Amino acid sequence: MNLEATSQLSIKGIRDGLLLTLAPQPSFDDAFANLSNEIQNQGDFLRNSRIAVDLGGRIVNTDQIGAMQEVFANNGIALWAILSHREATRSAARDLGLATRLPGSQMDLQGNGVREPVKTHDGEAAADELANAILINETVRSGRSLYFDGHVVIVGDVNPGAEIVADGNVIVWGKLSGLVHAGANGDESATVSALDLSPTQLRIANRITIAPPVDKKRVPVPETACIKDEQIVAEAWNR
Amino acid sequence: MGHGKVITITSGKGGVGKTTVTANLSTALAMAGYKVVAIDADIGLRNLDVVMGLENRIVYDLVDVVEGRCRLNQAMIKDKRLEGLSMIPAAQTRDKNAISPTDMVLVCDQLREEVDYIVIDSPAGIERGFQNALAPADQVIIVTNPEVSAVRDADRIIGMIEAEEKGPGKLIINRYKPDMVARGDMLSIEDIVDILHIDIIGIIPEDEKILISTNRGQPLVMQNGHAKETGVAIRNIANRVKGDEIPFIDLAVKDGFMSRLRGWVTS
């Protein structure tokens, strides 16, 4: 079965079986129809496998997930997890007793940080109002790479070797020592703020700067970096 | 499943002292009366046998066990100096792909029936060899040195350990030099904890006797009289692994954090 060749789906082996990712573009119904065909045509290849499906940004209800589960079950495939960055979709999946995250999902199997959460631009902006900022309540360690297409708020440190990429602003309630890129889609009004702003490299839109060498004994003050007169400047946050 | 506990010693960066810590910690636990087996998971670059002075007694190795050429017990080299201590060497002529994480879990599950502690010496790096060493771990100990690159790699490794839900792990700071820290020329314990945010299970001072003992194949904790401080530091780690509370965090308030820790290192 050559699922990789179809642009609508991709499938790869993970520790817990297989992960099937639907392309962001087609609606759930189209993607589902396509998937059902593929499975019915060449389902033997996948028989007896455990599968997790990444629905991306689709809002999918319990009935739709149930229907998908049935198609899989009829072909001897166990659906055990639904991944999505939509809480509504995850909640529907949980109602059916399915998992909604992979163990250790912040890394892929080789231990490389995957950019998470992987968001897609799929034309469902209307329902997206609540999803345009994300709170990360932990320290981001070296080797992790986070991407979000809105604002990012981190309560914790961003260690050297970690990278945060956001289309909007980045706010770090802690020490920012890694690489940070705000306004990654070209928004020059984006800002980066941190209680201790000492990034390895700071990017806003398509400008790059490095922090001046720091005096070890300095007492850190909260700062905000933004673009002023064509360059990135950092100012003490004292509003 | 048996009661044995699997402790994986890892670091990310090479050369920080994983093998030395593995040899000495295993020895210290065996000296305390436990049955201990040390496993060298650094396939293709084996060292632990040399440091433990058991090199000339190798007949079978870990890959032989995994590939069914011998029974597990045949690959366990008993240490003649110390009852209860044995080690399983790595194969020197193969590479990391010769075994899988599942193989390690199976080997360790068998060993859990027979011994109290299984101490795994992980290879450097974040690839297959590290994944092999991590898979069976009940507890992970990260070894680092007070230098920026080692701490950076430790941070990466800790993130991966957490992602595998084996976290958070405990930290050993090896090759610590109080005088250099006092001069501001070395990362202090505070600096390191500030970045890594994990509990310290031990601090081992820089000591040339470690190098001498390593070259001789006699783990330093076995020797009496020499290198007292370092030996105590290592025995303290063994005691903490056993679950004993050896105070050093509760020394709060009053005098500075540094002087408290320095007092602990030499005590």
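Structural notes, computed from the coordinates. (Residues numbered from 1 in each chain as written. Chains lettered and ligands numbered in written order. Predicted model: local features only at pLDDT ≥ 70, side-chain atom pairs only at ≥ 80, totals over all residues. Heavy atoms only, no water.)

Here we look at the overall build of chain B
Right, on to step 1. Check the secondary structure of chain B and you find 12 helices and 8 strands.
Right, on to step 2. The buried share of chain B, taken over its 267 residues, is 55%.
Right, on to step 3. Put simply, of all contacts in chain B between residues at least 6 apart along the chain, 76% involve residues at least 24 apart.
Right, on to step 4. Within the structure as shown, chain B displays about 11300 Å² of accessible surface, and the carbon and sulfur contribution to it stands at 48%. (Helix = DSSP H or I, 4+ residues; strand = E, 2+ residues; numbered from the N terminus. Buried < 20%, exposed > 50% of the residue type's maximum accessible area, 1.4 Å probe, protein only. Contact = heavy atoms within 4.5 Å. Areas by Shrake-Rupley, 256 points an atom, 1.4 Å probe, with all protein chains shown as cover.)

A look at the packing of helix 1 (residues 18-31) of chain B against helix 11 (residues 228-242) of chain B
Residues and elements named next belong to chain B.
Right, on to step 1. It is the contact of helix 1 with helix 11, at a shortest axis distance of 9 Å, that shows an interaxial angle of 65 degrees. With respect to each other, helix 1 and helix 11 are oriented roughly perpendicular. By crossing handedness, the relation of helix 1 to helix 11 is classed as right-handed. Here Asn 24, Leu 25, Ala 28 and Leu 29 of helix 1 lie close against helix 11, whose contacting residues are Ile 234, Arg 235, Ile 237, Ala 238, Val 241 and Lys 242. (Axes fitted to C-alpha atoms, helices over the stretch in contact; angles between N-to-C directions. Parallel < 35°, antiparallel > 145°, perpendicular 65-115°, else oblique. Left-handed = near helix turned anticlockwise from the far one by under 90°.)

Here we look at the layout of surface pockets
Residue and element names in this part refer to chain B.
Right, on to step 1. Estimates place the volume of the second largest pocket at around 780 Å³.
Right, on to step 2. Going through the elements one at a time, helix 7 (148-163) and helix 9 (189-196) are the ones with two or more residues in the lining of the second largest pocket.
Right, on to step 3. Residue composition of the lining of the second largest pocket, grouped by class: 10 nonpolar, 4 polar and 11 charged. (1 Å grid on protein atoms, 1.4 Å probe; cavity = no way out; pocket = protein on both sides within 12 Å on 5 of 7 lines; lining within 4 Å. Points joined across faces, edges and corners; volume = space filled by probe spheres on them. Nonpolar A, V, L, I, M, F, W, Y, C, P; charged D, E, K, R; others polar.)

Considerations on helix 7 of chain B
Residues and elements named next belong to chain B.
Right, on to step 1. Here helix 7 contains 16 residues, and its C-alpha end-to-end distance of 23 Å stays within 8% of the 22 Å for a straight helix at 1.5 Å per residue.
Right, on to step 2. What helix 7 keeps buried is the set Ala 150, Val 151, Ala 154, Asp 155, Arg 156, Ile 157, Ile 158, Gly 159, Met 160, Ile 161 and Ala 163.
Right, on to step 3. Structurally, helix 7 contributes buried residues whose contacts are with strand 1 (5-10), helix 6 (128-134), strand 6 (139-144) and helix 9.
Right, on to step 4. Phi for Glu 165, located one or two positions after helix 7, is positive at around 55 degrees. (Expected span 1.5 Å × (residues − 1).)

Considering helix 11 of chain B
All names here are of chain B.
Right, on to step 1. Between its first and last C-alpha atoms helix 11 spans 21 Å; for 15 residues at 1.5 Å apiece the expected length is 21 Å, and the two agree.
Right, on to step 2. Among the residues making up helix 11, those that are buried are Thr 230, Gly 231, Ala 233, Ile 234, Asn 236, Ile 237, Ala 238, Arg 240 and Val 241.
Right, on to step 3. Where helix 11 terminates, the next one or two residues include Gly 243, which has phi positive at roughly 110 degrees.

Focus: the environment of Asp 149 of chain A
Right, on to step 1. Looking at where Asp 149 of chain A falls in the secondary structure, it is placed in the loop between strand 6 (145-148) and strand 7 (151-155).
Right, on to step 2. Taking the C-alpha atoms as reference, Asp 149 of chain A lies 9.4 Å from Ile 134 of chain A; in sequence the two are 15 residues apart.

What about the side chain of Asp 49 of chain B?
Residue and element names in this part refer to chain B.
Right, on to step 1. By the element assignment, Asp 49 lies in helix 2 (residues 48-51).
Right, on to step 2. A residue is classified by how much of its surface remains accessible, and Asp 49, at 1% relative accessible area, is buried.
Right, on to step 3. Apart from residues lying up to four places away in sequence, Asp 49 is in contact with Asp 40, Leu 54, Glu 55, Ile 58 and Met 87.

What to know about the sheet that holds strand 6 of chain A
Residues and elements named next belong to chain A.
Right, on to step 1. The sheet built from 5 strands is open, its strands ordered 6-8-10-12-13 with mixed pairing. Of all the strands in the sheet, just strand 6 and strand 13 (207-209) have a single pairing partner and so form its edges. When the angles between neighbouring strand axes are averaged without regard to direction, this sheet yields 10 degrees.
Right, on to step 2. Inspection of the sheet shows strand 8 (residues 163-166) paired to strand 10 (residues 179-182) by 3 bridges, in the parallel sense. Looking at strand 10, one finds that Glu 163 is bridged to Leu 179. (Pairing = 2+ DSSP bridges.)

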